[in-house]
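Given next are the chains, with one letter for each unit.
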Amino acid sequence: MFYREAGHFHDKYRDEMAIFQIREDRIGIRLLLIAAFVAVPLLHAAGVPPFAGDYLFNAVLTPLLILATAAIGLNLLVGYCGQISLGAGAFMGVGAYAAYNVSVHLPGLPLLATFLLAGAASAAVGLVFGIPSLRIKGLYLAVATLAAQFFLDWAFLRVGWITNYSTSGSVTAPPLVIAGWHVDSPVERYLLVLAIAVLVALGAANLVRGNLGRQWMAIRDMDIAAEIIGIRPMQSKLTAFAISSFILGLAGALWAFVNLRSWEPYAFSIDRSFQLLFIVIIGGLGSIIGCFLGAAFIWLLPLAVEGIPRWLSIPIPADAAANLTLGVFGALILVTLIFEPHGLARIWAIMKHKLRRWPFPY
Amino acid sequence: MKNPTAKLSMLLAAALLALPVAARGEENGQFIPVLSYRTGPFAPNGIPWANGIVDYFELINQRDGGINGVKIIYEECETGYATDRGVECYERLKNKGPTGAAFVNPLSTGITFALTEKAPVDKIPLITAGFGRSESKDGSVFTWNFPLIGTYWTAADVAVQYIAKEFGGADKLKGRKIVLLYHDSPFGKEPIPVLEALAKKYDFQLTLIPVANPGVEQKSQWLQIRQLRPDYVVMWGWGVMNPTAIQEAANVNFPREKMLGFWFAGAEPDVVPAGAQAVGYKALMLQHGAGRARVHDDLDKYVYDKGLGKSNPTDSSGVLFNRGMVGAMLGVEGIRTAMAKFGNKPLTGEQVRWGIEHLALDENRLKELGFEGMISPIKISCSDHEGTHTSRIQQWDGKQWKVISDWYTADETMLAPMLKDAAGRYAKEKGITPRDCSKES
């Protein structure tokens, strides 16, 4: 009744090409952005309980948004272009260490330029490791990207100049300053990653609606047919790898500089790759909002499993809670994939679909 | 027609909400978070270590009624040895309790590196007894880090001193071959600068052999060792890497008597899984070894007999359990020292930091506490956050650890300039102005 396409008449081509065409969608996204950018910091300043203090920003919102950004990068490659990649963690690592090297060797460079250079470095590496995709598909490509993950793991540990010859292998990020604004407090760091996440999501959403995105989806659906109708697979697949790795590198630089501040190579190991892959699969392959939903699911679930018994004052020893988390995690992933293999994004789409028909059931 | 399922679910929701959500009222006491790992690949070592800490806190509460009457409120948080989970635990627990966390003992060098950035901002001291950054011994730069009773550089120096003694003196080290088999991670790489400096000084050949995390794959490393035929293998491992190394050494017939693990490679979980193959294996001691002291009798009487505590009288004399107790004891005594200045009430992190920095335990005090013979007298100061620089060697005979050496003291003349250099570099990188220790009271 309230939410429908009918009744929206466009008199400009511009309106017809908008991402959000239904007025309620546009209002909704504007409210969400205002809540995220304005309301949350105000609630923190006012000291309202979950928003007061550092915990929500340091441990929940900032990592969640960075992982969502990384998931967007991986989703472009896996969900839209259909190239399975198990090297996402390593590409994040490339971005992180590239940003570190830029900050060490070119200390005067602005922070945002550092992040962009980190993304570019990661794009270059991603391009190189994307070359096998021109010859192999599916599981074999997964193995080739797994090789990228292990190779880069080794490189971060053994190649001295990457960590600036640090004796322990652990490196620290410099203080964050953007045009005189010292990004120190947890709320400021949250706003920084929120801004970057929104920009990346906007860019990715527009990219997949355009020519390049359609090429990727054609290759995903049937690459031989795509080649026959004139899509050049080398260009498409390599741009997919490059752009995906750029976003992953950017996210990796954010993860290292904003979230961890001091990290070791293990932060970008195969576990990180699996985590990103699960975010993308649970959230929904081939959807931008799915990245945010999947990141929220994967990041918040362990905290919820440990937090709910505590909130209900049921005493559970710490290690039992950790094992319970793994069990609940696995079970929920299984349940989600059985009932909705297309992920949380599909559940969201179905809810919107039902809302369009409301109050009629079909 | 009313939907019975809807009715049922509404009833259930109402019942859940009506549950007395016991508001965990702020109990009055000193809050101390315990970042432990009881799951994951390092759990066999993490469990007794964490048990030592919490059982000692429980002992203080039961036997003494707290620290000078202020009860210890402790809460464990599972980190799984992962840096990001450790940071999440720290963020969640740092402000709990009436005055926030007294101190944090991360039980992991990786987490220590991450928390070293956050601790000065949140003003919470880090106690990293026996691990952490070696350069954090310099308190003028690392105001909030306390690598009490031992750092990795101390361990590396003592290891070489022991090996030298085995061959009849430091001059006999010339031309010898020593291998460092290390876990390829920040803590494993820590001793390398000291060992390289010592190799240059005494002219022995040092070979560095890394083992990829978690350390179950060591066949190629031990084949390399067999080809090399070194005089000693110094092992810097943690967790499952240690028993694997011992078994691989047995496979290539490398005598276990020529293996010297550092103090995190010298506990029961490292040798018991290897069975008879571990007999003869030597390890450094973080001053204390296995075995009972008077404090264990107190534990039996006040904790285990009452059915409290996480461990039991048999396991409580293990190496890692003792390590947990020693670390907890040093933290508690640090708080007590601070209470002497600030009063017998829950203290803030800043006040506890002052207390730890002015901690001094002599032989008599250690005897009073029940830790006689376990650690040497310790005195912390602004310039020395380690307090004492001694260690001993123990050997596994198949059933228990036997101390086979006297006390060694690390060679400060060599370590001091290296320390100053490393701390200075960190200070420059972070833009920290080192405190002037001569001016501090």
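Worth saying up front: this structure is predicted, and the values here are computed from it rather than measured.

Focus on the domain arrangement of chain A
Residue and element names in this part refer to chain A.
Then, number 1: Assigned domains of chain A: these are domain 1 (1–52) and domain 2 (53–357).
Then, number 2: Here domain 1 and domain 2 have C-alpha centroids that lie 25 Å from each other.
Then, number 3: Contacts between the two partners involve 10 residues from domain 1, matched on the other side by 8 residues from domain 2.

Brief notes about the interface of chain A and chain B
Then, number 1: Of the residues lining the interface, 24 residues belong to chain A; the matching set on chain B comes to 29 residues.
Then, number 2: At the level of elements, helix 3 (55–80) and helix 13 (318–339) of chain A are the ones that each hand at least two residues to the side of chain A that touches chain B.
Then, number 3: Looking at which element gives the most residues to the side of chain A that touches chain B, the answer is helix 13 of chain A, with 5 residues.
Then, number 4: The residue inventory of the side of chain A that touches chain B, partitioned by class, reads 10 nonpolar, 10 polar and 4 charged.

Quick notes on the packing of helix 7 (residues 186–209) of chain A against helix 10 (residues 233–260) of chain A
Residue and element names in this part refer to chain A.
Then, number 1: Viewed as axis vectors pointing N to C, helix 7 and helix 10 meet at an angle of 175°, and their least axial separation amounts to 12 Å. As the angle between them shows, helix 7 and helix 10 are arranged roughly antiparallel. Contacts from Arg-189, Leu-192, Val-193, Ile-196 and Val-200 of helix 7 reach helix 10 at Ile-247, Leu-254 and Val-258.
Then, number 2: Taken together, the residues of the contact of helix 7 with helix 10 break down into 7 nonpolar, no polar and 1 charged.

With respect to the environment of Ser-85 of chain A
Residues and elements named next belong to chain A.
Then, number 1: Along the polypeptide, Ser-85 turns up in the loop between helix 3 and helix 4 (88–105).
Then, number 2: Ser-85 gets classed as buried once you count the C-beta atoms within 10 Å, which come to 32.
Then, number 3: Counting along the chain gives 56 residues from Ser-85 to Leu-141, while the straight-line C-alpha distance between them is 7.1 Å.
Then, number 4: Not counting chain neighbours up to four residues away, the residues in contact with Ser-85 comprise Leu-74, Leu-77, Val-78 and Thr-145.

Things to note about the nonpolar core
Then, number 1: Of all hydrophobic cores here, the largest spans 232 residues; its most connected members are Ala-71 of chain A together with Ala-159 of chain B.
Then, number 2: The contacts of Ala-71 of chain A, once residues within four sequence positions are left out, are Leu-276, Ile-279, Val-280, Gly-283, Cys-291, Gly-294 and Ala-295 of chain A.

Observations regarding the confidence of the model for chain B
All names here are of chain B.
Then, number 1: Averaged over all residues, the pLDDT of chain B is 90; the fraction at 70 or higher stands at 94%.
Then, number 2: Every residue in residues 18–25 scores below 50 in pLDDT, and together they form 5 contacts with partners more than four places removed in sequence or on other chains.
Then, number 3: Our summary of model confidence lists the complex with pTM equal to 0.86 and ipTM equal to 0.78.

Notes on helix 15 (residues 412–430) of chain B
Residues and elements named next belong to chain B.
Then, number 1: Across its 19 residues, helix 15 extends 26 Å between first and last C-alpha, which sits within 8% of the 27 Å expected from 1.5 Å per residue.
Then, number 2: Those residues of helix 15 that fall on the buried side of the exposure criterion are Leu-415, Leu-419, Ala-422 and Ala-423. Angularly, the buried residues of helix 15 cover 95° about the axis, an arc narrow enough to put them on a single face. Opposite the buried face of helix 15, at more than 90 degrees from it, the exposed residues are Thr-413, Pro-417, Asp-421, Arg-425 and Lys-428.
Then, number 3: Turning to helix 15, the residues buried within the fold contact helix 5 (152–166) and helix 7 (192–202).
Then, number 4: Looking one or two residues past helix 15, Gly-431 carries a phi angle of roughly 70°, positive in sign.

Observations regarding unusual backbone geometry
Then, number 1: Here Trp-358 of chain A and Pro-359 of chain A are connected by a cis peptide whose omega angle stands at 5°.
Then, number 2: In this fold, Pro-359 of chain A is placed in the segment after helix 14 (344–357).
Then, number 3: The omega torsion of the bond from Asn-213 of chain B to Pro-214 of chain B falls at -5°, within 30 degrees of zero and hence cis.
Then, number 4: Here Pro-214 of chain B is to be found in the loop between strand 6 (205–211) and helix 8 (219–228).
Then, number 5: One non-glycine residue, Ile-149 of chain B, lies in the positive phi region at around 55°.

Overview of the domain arrangement of chain B
Residue and element names in this part refer to chain B.
Then, number 1: By the assigned domains, chain B splits into domain 1 (30–150 + 290–379) and domain 2 (153–285 + 393–410).
Then, number 2: Centre-to-centre separation of domain 1 and domain 2, based on C-alpha positions: 28 Å.
Then, number 3: Each partner contributes to the interface: domain 1 provides 16 residues, whereas domain 2 provides 19 residues.
Then, number 4: Of all the elements in the fold, those that place two or more residues in the side of domain 1 that touches domain 2 are helix 2 (43–64), helix 4 (109–122) and helix 12 (319–342).
Then, number 5: No other element matches the 3 residues that helix 4 contributes to the side of domain 1 that touches domain 2.

Section: helix 7 of chain A
Residues and elements named next belong to chain A.
Then, number 1: Helix length check: helix 7, at 24 residues, gives a terminal C-alpha distance of 35 Å against a target of 34 Å (1.5 Å per residue), a fit within 8%.
Then, number 2: For helix 7, the full list of buried residues reads Val-187, Arg-189, Tyr-190, Leu-191, Leu-192, Val-193, Ile-196, Ala-197, Val-200, Ala-204 and Val-208.
Then, number 3: Lining the buried residues of helix 7 we find helix 2 (23–46), helix 3, helix 8 (211–221), helix 10 and helix 12 (288–311).

Each value, and the rule that gives it
- Residues numbered from 1 in each chain as written.
- Chains lettered and ligands numbered in written order.
- Predicted model: local features only at pLDDT ≥ 70, side-chain atom pairs only at ≥ 80, totals over all residues.
- Domains from an automatic or database assignment.
- Contact = placed C-beta atoms within 7 Å.
- Helix = DSSP H or I, 4+ residues; strand = E, 2+ residues; numbered from the N terminus.
- Nonpolar A, V, L, I, M, F, W, Y, C, P; charged D, E, K, R; others polar.
- Axes fitted to C-alpha atoms, helices over the stretch in contact; angles between N-to-C directions.
- Parallel < 35°, antiparallel > 145°, perpendicular 65-115°, else oblique.
- Buried ≥ 20, exposed ≤ 12 C-beta atoms within 10 Å, placed from the backbone.
- Core = buried A, V, L, I, M, F, W, Y, C linked by C-beta atoms within 7 Å.
- pLDDT = per-residue confidence, 0-100.
- Expected span 1.5 Å × (residues − 1).
- Arc of directions from axis to C-beta.

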